[in-house]
Amino acid sequence: MTISVLIPPVQAISSPIPLTDLALLHRSLQPQLEAVIQTAMLQGDFVLGGALLDFEIAFARACGSEHGVGVGSGTDAITLGLRACGIGQGDEVLLPANTFVATLIGALQSGATPVLVDCEPDTALIDLVAAEKAITPCTRAIIPVHLYGQMVSPRQLLDLSSTYDLMIFEDAAQAHLAEREGYRAGSVGMAAAFSFYPSKNLGALGDGGMVVTREAQIAERLRSLRNYGAPCKHYHTEFGVNSRLDTLQAAVLGVKLPHLPHWNRDRLRIAQRYDELLAPLQFAGIQPITNVSGGGHAYHLYVVCVTNACPLERVALQAALESRRVSTGIHYPVPCHLQPAFRYLGYKLGDFPNAERLSHQVLSLPIYPGMTDAQIQRVVGAIEAAVSAPFSVSC
């Protein structure tokens, strides 16, 4: 009897390409991670333990700052960081409409009044010209979001800050060790917020965040605010919260931190390869977000715009890539000012046209340390096949 074997097409047996591959990263560090987890269990200092202090010092130094204070999340880092810097009721804070909603929530939870502004069309970063026009006598601070791993111009920020006496509070949740104009993310403003959500360039095995600052008084107040407003045990001087980066996560992050420069370089390699391979597809409406930072871009995300010149709408392109087992993401599909929860702020459709356009066009492609050239080529090949199909049919 003859047995025939049906061989599935290559596409069906190709392994999926995820948006990010945490398992690949963690496998390479498994012995070290298991060792620090076991140490933490044996020592039992699960909250505000020694590994946290070590990591706070190491990460702050890596950012070019003096002090680090670990908290429960990146959102808490914004909220508590602003409070520690003296921002609260009656203070207007400038921030971009094109950001993850945590930036806005953090500002609101601090008690400040958020004032949204548009972003630049090519970089997707906050438009500092628009920000300058939005300044009023009540404006106390600006929150530049170093989006996708690229910093907002430090020189322009510092000029704006000195001209209008504005405090700079960086949202560096996506920009671990990013650099621009001789500055590193976290070293430009009075303080900066970082997130250690697992998918970040430096991610924990759960949630976590940190505020870095060069000011000892701000760091001291942060340590109180994160711990029920108690500068010492059972003595509460203000209304604080329970938001502490736990020792176990800090230990894990301490293992990963020395590898971060190499991981960022690998992300840059992948992004540069994408740039090269995608260049011929610009005629088909696939336009990468502009890198104005060169090698200082940390590439937390590699984002392209599916413009009106593309024969496929973004949702169709995303579906076509998914059918080829290529995962993608959208960061972000609804700008902050159009989120239902924040209608009370008074913004409406049309207020920030660049942010609104990007929300309909951006598409994040797979990028993670260890991604191979063959995988990059496969992603781009899938895009090319998808955008070329309509032309083939019409011919």
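Predicted model, so just to flag it, every value in this text is computed and none were measured.

A. Broad picture of the packing of aromatic side chains. As enumerated under the stated definition, the model contains eight aromatic pairs in all. With 5.4 Å between their ring centres and 50° between their planes, Tyr347 and Phe352 make a pair best called tilted. Of the residues examined, Tyr347 reaches a relative accessible area of 21% and is grouped as partly exposed. Here Phe352 falls in the buried class, since its relative accessible area comes to 8%.

B. The environment of Pro231, seen in detail. Of note, Pro231 is situated in the loop between helix 9 (216–225) and helix 10 (247–256). Each C-alpha atom, one on Pro231 and one on Arg324, is 55 Å from the other, the two residues being 93 residues apart in sequence. With sequence-adjacent residues up to four places away left out, Pro231 is seen in contact with Ser224 and Thr237.

C. Focus on the side chain of His331. Relative to the helices and strands, His331 is located in the loop between helix 12 (314–323) and helix 13 (353–361). Classification of His331 as buried rests on a relative accessible area of 18%. Polar contacts involving the side chain of His331 include one to the side chain of Ser364, which spans 2.8 Å. If sequence neighbours within four positions are ignored, His331 has contacts with Leu19, Tyr148, Leu301, Val362 and Ser364.

D. Expanded view of the sheet that holds strand 11 (residues 302–306). Spatially, the three strands line up as an open sheet ordered 10-11-12, and their pairing is antiparallel. Of all strands in the sheet, those with a lone pairing partner are strand 10 (286–288) and strand 12 (362–365), marking the two edges. Along the sheet, successive strands turn relative to each other by an average axial angle of 35°, direction set aside. When strand 11 meets strand 12, the two strands line up antiparallel, connected through four bridges. Its bridge partner being in strand 12, Val303 is matched across the sheet by Ser364. Its contacts with the sheet place helix 11 (residues 260–278) against strand 10, strand 11 and strand 12, and it is angled at close to 25° to strand 11.

The rules behind these values
- Residues numbered from 1 in each chain as written.
- Predicted model: local features only at pLDDT ≥ 70, side-chain atom pairs only at ≥ 80, totals over all residues.
- Heavy atoms only, no water.
- Phe/Tyr/Trp six-rings, centres within 6.5 Å; stacked < 30°, edge-to-face > 60°.
- Buried < 20%, exposed > 50% of the residue type's maximum accessible area, 1.4 Å probe, protein only.
- Helix = DSSP H or I, 4+ residues; strand = E, 2+ residues; numbered from the N terminus.
- Contact = heavy atoms within 4.5 Å.
- Polar contact = N/O pair within 3.5 Å; in protein donor to acceptor, adjacent residues only side chain to side chain.
- Pairing = 2+ DSSP bridges.
- Axes fitted to C-alpha atoms, helices over the stretch in contact; angles between N-to-C directions.

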